[in-house]
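Breakdown of the fold
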Amino acid sequence: MDEAFAATFGLDPALGREGLNLEQVIATVHPEDREGLLRAIDGAIARGGAYAHEYRVRRRDGRYYWIEANGRVDHAPDGTPLAFPGVLLDVEARRAALSALRDREERLRELADNITQFAWTADPSGAVQWHNRRWSDYTGLTPEEGLGWSWTGVLPPGQAPRVLAKLRRAFEQGEAWEDTFALRGRNGEDRWFLSRAVPIRDGQGQIVRWFGTHTDVTEQREAEAQLRDLNASLERRVAARTAELERANAELQRSNTELERFAYITSHDLQEPIRTVASFTELLGRRYGEHLDDRGQRYLDLIVGGTARMKALVDDLLTYSRLSGDARPLQPVNLQAPLTEALARLSSRLEETGARVTAGELGTVLGDGPQLAQVFQNLLSNAMKFTRPGVPPEVRVSAERVGGEWHVRVADNGIGIEKPYLERIFVLFQRLHTRDRYEGTGLGLGICQKIVERHGGRIWVESTPGVGSTFHFTLPAAP
Ligand code: ADP
């Protein structure tokens, strides 16, 4: 035995100087390794040739260290073994590294087995070398059965060609792979997985291995499918509801048209008998008035008044029911024209009341001239009607361009309207006063609203009771 070696290992340098004393050697060997060592020596002697064996020896500090004995046994021609030349290597560090490596591998394997995903590694060609336990649990394949390409047996037959073609392409091109497909479980049921693989490269960029995972996305897919179903059913319901609304709208439209037609026919046909009553009442008054006593004369006056009101009502109804039927296509109209027309029709009322109407610069709108004249006429005639005693009516008409619309204002200095009634006055036949205070049919503003809305505009009123009212409406500006 080499002295340096003996010193390093704390062995007795005398050991083996005069041939190997087996007992002395064995005494320094770890009790657990002795039997193995003896067997190895016997084997080497019997077999001859090279040998190598690892075992622990005790050093002077009393601790055991791993060494590796290497050497060869040569036999004399008669078969007796000759002395075996050999070396002892200190393999303690290698042993420690190996055991640390095993520990680490064990921990990694434990980790790989316990993650919720399936994990696998494959050689550079794509042949699988290892699957984690979750994979085996799911597929029912033993760790050996899933190796190489045999794992592809759990791809449902319908998808296998597509999935494999894409996977092989990734392996050939050395590019990361991602796909979603089903894998058949041991119970014969398919679940869906999002699968990924990445190449692991060495320092030179050569692929040494592939690492891949399969993540179960069945629940997400089901949730997504449910969401899609829900959306689809929602859309169907919305569509059904829309169709229902459209039907209801069409029905409403039809009944509106019918009502308008009814109002039109009724008011039109009533004109003739009213005219007859009016003219014969007048005739009666002229021819036989002197023969009537006071009471007869009063009755006659009541008939004349009633007939006049009936005529006004029927005329307004006729105007209202004609609005849709008589509608002309909208065209550029300078608002000055319908205003002038309205003032002309109201000339005698203007004179009677001493009203002062002023107008600013009015714009050009897209409208129906005669209908717009009707709007001005109704608003101006109300302004002259709902006046404060002793205050001559003053009306200001103005217009302002706002975006694609003209905003028109008709402001008066009349009695004004209490807040709760501001919206109600546009409703047909809604009046705030009795007939003996202010004449009227309650249709004027309804007619205005219908015309403005037909133009795509809005109408509303602002008012201060006792000061005056301002009627606002919008109309589309002419392009
Ligand atoms: P009518 O004028 O025939 O009564 P309208 O539809 O034109 O019918 O008007 C409805 C009601 O609105 C009127 O009865 C009146 O009470 C109120 N009104 C309309 N215009 C004015 C106004 N300029 N000032 C005050 N009140 C008004």
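Since the structure is predicted, the reported quantities are computational estimates derived from the model, not experimental observations.

1. Digging into the overall build of the chain
The helix and strand tally for the chain stands at twelve helices and 15 strands. Its C-alpha atoms give the chain principal-axis dimensions of about 180 × 45 × 40 Å. Counted over contacts in the chain with a minimum sequence separation of 6, partners at least 24 positions apart contribute 55%. Counting every atom, the chain has about 29200 Å² of accessible surface; 53% of that belongs to carbon and sulfur.

2. Some points on the sheet that holds strand β10 (residues 356–359)
As a general point, the strands of a sheet are linked pairwise by backbone hydrogen bonds and lie either parallel or antiparallel. With mixed pairing, five strands are arranged side by side in an open sheet as β10-β12-β13-β15-β14. Edge strands, defined here as strands with exactly one partner in the open sheet, are β10 and β14 (459–464). Taken pair by pair, the neighbouring strands of this sheet meet at an average axis angle of 15 degrees, ignoring direction.

3. Examining the nonpolar core
Core analysis: the largest hydrophobic core is formed by 40 residues, its most contacted members being L335, F376, L379, L380, V410, F471 and F473. Only α8 (294–325), α9 (336–345), α11 (369–385), β12 (394–402), β13 (405–411), α12 (444–454), β14 and β15 (468–476) provide two or more residues apiece to this core. Examining the composition of this core, we find that seven residues originate from one element, α11, more than from any other. Here F376 is in contact with L335, P338, L339, A342, V397, V408, V410 and F473, once residues within four sequence places are set aside. With 23 residues, the next largest nonpolar core counts L141, V154, W177 and L183 among its residues.

4. Description of the site of the ligand
Taken together, 20 residues form the shell around the ligand, and within it N382, D412, R431, G442 and L445 come nearest. A distance of 2.8 Å is found between a nitrogen atom of the ligand and a side-chain nitrogen or oxygen belonging to D412. A distance of 2.9 Å is found between an oxygen atom of the ligand and a backbone nitrogen or oxygen belonging to G442. Relative to its unbound accessible surface of 530 Å², the ligand loses 98% to contact with the protein. Mapped by element, the contributors of at least two residues to the shell around the ligand are α11, α12 and β15. Across the shell around the ligand, the residue classes break down as eight nonpolar, nine polar and three charged.

5. A closer look at the packing of aromatic side chains
Overall, the coordinates contain eleven aromatic pairs when judged by the stated rule. When the ring of F376 is compared with that of F473, the centres are 6.0 Å apart and the planes differ by 65 degrees; the resulting orientation is edge-to-face. Linking F376 in helix α11 with F473 in strand β15, this pair joins segments that are 97 residues apart in sequence. F376 gets classed as buried once you look at its relative accessible area, which sits at 1%. Linked through ring pairs, F118, W135, Y138, W151 and F193 together constitute an aromatic cluster. The positively charged end of R221 is found above the aromatic ring belonging to W192, 3.6 Å away from the centroid.

6. Brief notes about the pattern of salt bridges
Taken as a whole, this structure holds 26 salt bridges when the rule is applied. Between R191 and D216 there is a salt bridge whose closest N-O contact spans 2.6 Å. A residue pair is termed long-range when its members are at least 10 positions apart, and R191 in strand β7 (residues 190–201) and D216 in strand β8 (residues 207–216) qualify at 25 residues. Between D368 and R454 there is a salt bridge; the shortest N-O distance is 2.9 Å.

7. Regarding the environment of G414
Structurally, G414 is set in the loop between β13 and α12. You can call G414 buried: its relative accessible area is 0%. Apart from residues lying up to four places away in sequence, G414 is in contact with F386, T387, R388, G466, V467 and G468.

Reading the values: the criteria
Residues numbered from 1 in each chain as written. Predicted model: local features only at pLDDT ≥ 70, side-chain atom pairs only at ≥ 80, totals over all residues. Heavy atoms only, no water. Helix = DSSP H or I, 4+ residues; strand = E, 2+ residues; numbered from the N terminus. Contact = heavy atoms within 4.5 Å. Areas by Shrake-Rupley, 256 points an atom, 1.4 Å probe, with all protein chains shown as cover. Pairing = 2+ DSSP bridges. Axes fitted to C-alpha atoms, helices over the stretch in contact; angles between N-to-C directions. Core = buried A, V, L, I, M, F, W, Y, C linked by side-chain atoms within 4.5 Å. Buried < 20%, exposed > 50% of the residue type's maximum accessible area, 1.4 Å probe, protein only. Near = heavy atom within 4 Å. Polar contact = N/O pair within 3.5 Å; in protein donor to acceptor, adjacent residues only side chain to side chain. Nonpolar A, V, L, I, M, F, W, Y, C, P; charged D, E, K, R; others polar. Phe/Tyr/Trp six-rings, centres within 6.5 Å; stacked < 30°, edge-to-face > 60°. Lys NZ or Arg CZ within 6 Å of the ring centre and 35° of its normal. Salt bridge = Lys/Arg side-chain N within 4 Å of Asp/Glu carboxyl O.

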